[in-house]
Amino acid sequence: MTDYKFKLGMFLPELGLPFDEGLARAKEIGADSVWFTSIADEPPIAEMSDADAGRMAARVAKHGLELHVIAAGAPFKQLHLADLDLDTMQDDPAFRKEFDDLVRSMQIAVHLGIKTVNTFTFAWPGEYGAGKPTWPMRWLTRGGVIAEVDMEKLHKAFSLVAEQAEHYDVDVSLSMMPWNYTNTTGNFRRVVERVGSPRLKVMWGPADCFNSGEADVSTAGYRNVRPHIHGLHIKDLHVKNGVQLDFEYRPLGTGDVDYLTILRQLHADRSDAILAVATHFRPPSGSREEAMRTNYAQLKQLISRVSD
């Protein structure tokens, strides 16, 4: 077991730096790989030609880093599932645009030799409109109850996604957000088991799951996602009042998420999961770079405890 090494990644936009400067800083801080959803002053990733994508990957490689996932923006992140009709969703212009962006990310991944692309999983009713009307129910039910009509839509949407993933021979990592349907490991598992495709993976966000009412995310949550993990979206937070959505982001290891237990399980399983560090909090200086350095230092300290 002593030869096992965690794979350290970074969600690059957290640094708030120009692309090449951010890449250099990510390498210096300790990342082996990066991911991002867009590049400032460049075409949207879904609109990149193969040549554009090749130049993007070359800029990453120049800094000794790898791209561990291709994300063409954030497909389905702010698309409300309730606005889609089950029978005609594949023809809905909003769905079609984001689905096509996701498929383009698969084509880019194939061109670059990258095995995984990223997407989100549709917004709960009203999330990006008049507030979060179903939030109290979702918190009190550990993430919300997915109605059968919604599950049928999710099944259809991600069956279409999985069909394309199979065609292009790539995996699709589903991101987790409190505002999307895969907000907890329980809901993620329900969706992927309903679809039944081994192409569907997860960018596991333990903090987002905890923030959605899944208090046992580090134990039962790990068991739910274990067969499907592509990577982890690493950040920490403290929930003050879950029903009222009152929480604050904190430096890694100082919030409510039991990352030590999570890391121990990953280590015991010799997991290939990528620990993609994010931040979301700001230190007193307000520096985004300082926040990232803090989270990397905290993560490495936790890893040393696990390795010992």
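Structural notes, computed from the coordinates. On a predicted model such as this, the values are computed, not experimentally measured, just so you know.

Considering the overall build of the protein
So, point 1. Counting its secondary structure elements, the protein contains ten helices and ten strands.
So, point 2. Here the protein has a C-alpha radius of gyration of 19 Å; the compact-globule value for 308 residues is 19 Å, and the two agree.
So, point 3. Looking at the protein residue by residue over its 308 residues, the buried ones come to 54%.
So, point 4. For the protein, long-range pairs separated by at least 24 residues make up 75% of all intrachain contacts whose partners lie at least 6 apart in sequence.
So, point 5. Accessible surface, the protein: about 12900 Å² in total, of which carbon and sulfur atoms supply 49%.

A closer look at the pairing of strand β8 (residues 236–241)
So, point 1. Two elements, β8 and strand β9 (residues 246–250), share five bridges in a ladder whose sense is antiparallel. Paired with Asn241 across the strands is Asp246, a residue of β9.
So, point 2. The loop that links β8 with its antiparallel partner β9 comprises four residues; one of these, Leu245, has a positive phi angle of about 55°.

Some thoughts on the sheet that holds strand β5 (residues 171–175)
So, point 1. Spatial strand order, β3-β2-β1-β10-β7-β6-β5-β4: eight strands in an open sheet with parallel pairing. The outermost strands of the open sheet, each flanked by one partner alone, are β3 (66–67) and β4 (116–119).
So, point 2. Note: β4 against β5, four bridges, orientation parallel. Looking across to β5, one finds that Asn118 is bridged to Ser173.
So, point 3. Each of β5 and β6 (200–204) touches helix α6 (residues 185–195); the most contacted strand, β6, lies at about 170° to it.
So, point 4. Packed on one face of the sheet, helix α9 (residues 259–268) meets β6, β7 (229–234) and β10 (274–277) and runs near 155° to β7.

Re the packing of aromatic side chains
The description of two aromatic rings rests on the distance between their centres and on the angle between their planes.
So, point 1. Overall, the coordinates contain 13 aromatic pairs when judged by the stated rule.
So, point 2. Here Phe122 and Phe158 contribute two aromatic rings whose centre-to-centre distance is 5.8 Å and whose plane-to-plane angle is 75°, an arrangement assigned as edge-to-face. Highlighted residues: Phe122 in the loop between β4 and α4 (135–140) and Phe158 in helix α5 (residues 148–168), separated in sequence by 36 residues. Comparing Phe122 with Phe158 shows no difference in burial state: the two are buried.
So, point 3. With 5.3 Å between their ring centres and 90° between their planes, Phe247 and Tyr249 make a pair best called edge-to-face.
So, point 4. We classify Phe247 as partly exposed; its relative accessible area is 22%.
So, point 5. An aromatic cluster is built from Phe76, Phe95, Phe99, Phe122 and Phe158, whose rings are joined through pairwise contacts.
So, point 6. Its end group placed over the ring of Phe120, Lys77 keeps NZ or CZ at 5.3 Å from the ring centre.

Rules behind the numbers
Residues numbered from 1 in each chain as written. Predicted model: local features only at pLDDT ≥ 70, side-chain atom pairs only at ≥ 80, totals over all residues. Heavy atoms only, no water. Helix = DSSP H or I, 4+ residues; strand = E, 2+ residues; numbered from the N terminus. Rg over C-alpha atoms; globule rule 2.2 N^0.38 Å. Buried < 20%, exposed > 50% of the residue type's maximum accessible area, 1.4 Å probe, protein only. Contact = heavy atoms within 4.5 Å. Areas by Shrake-Rupley, 256 points an atom, 1.4 Å probe, with all protein chains shown as cover. Pairing = 2+ DSSP bridges. Axes fitted to C-alpha atoms, helices over the stretch in contact; angles between N-to-C directions. Phe/Tyr/Trp six-rings, centres within 6.5 Å; stacked < 30°, edge-to-face > 60°. Lys NZ or Arg CZ within 6 Å of the ring centre and 35° of its normal.

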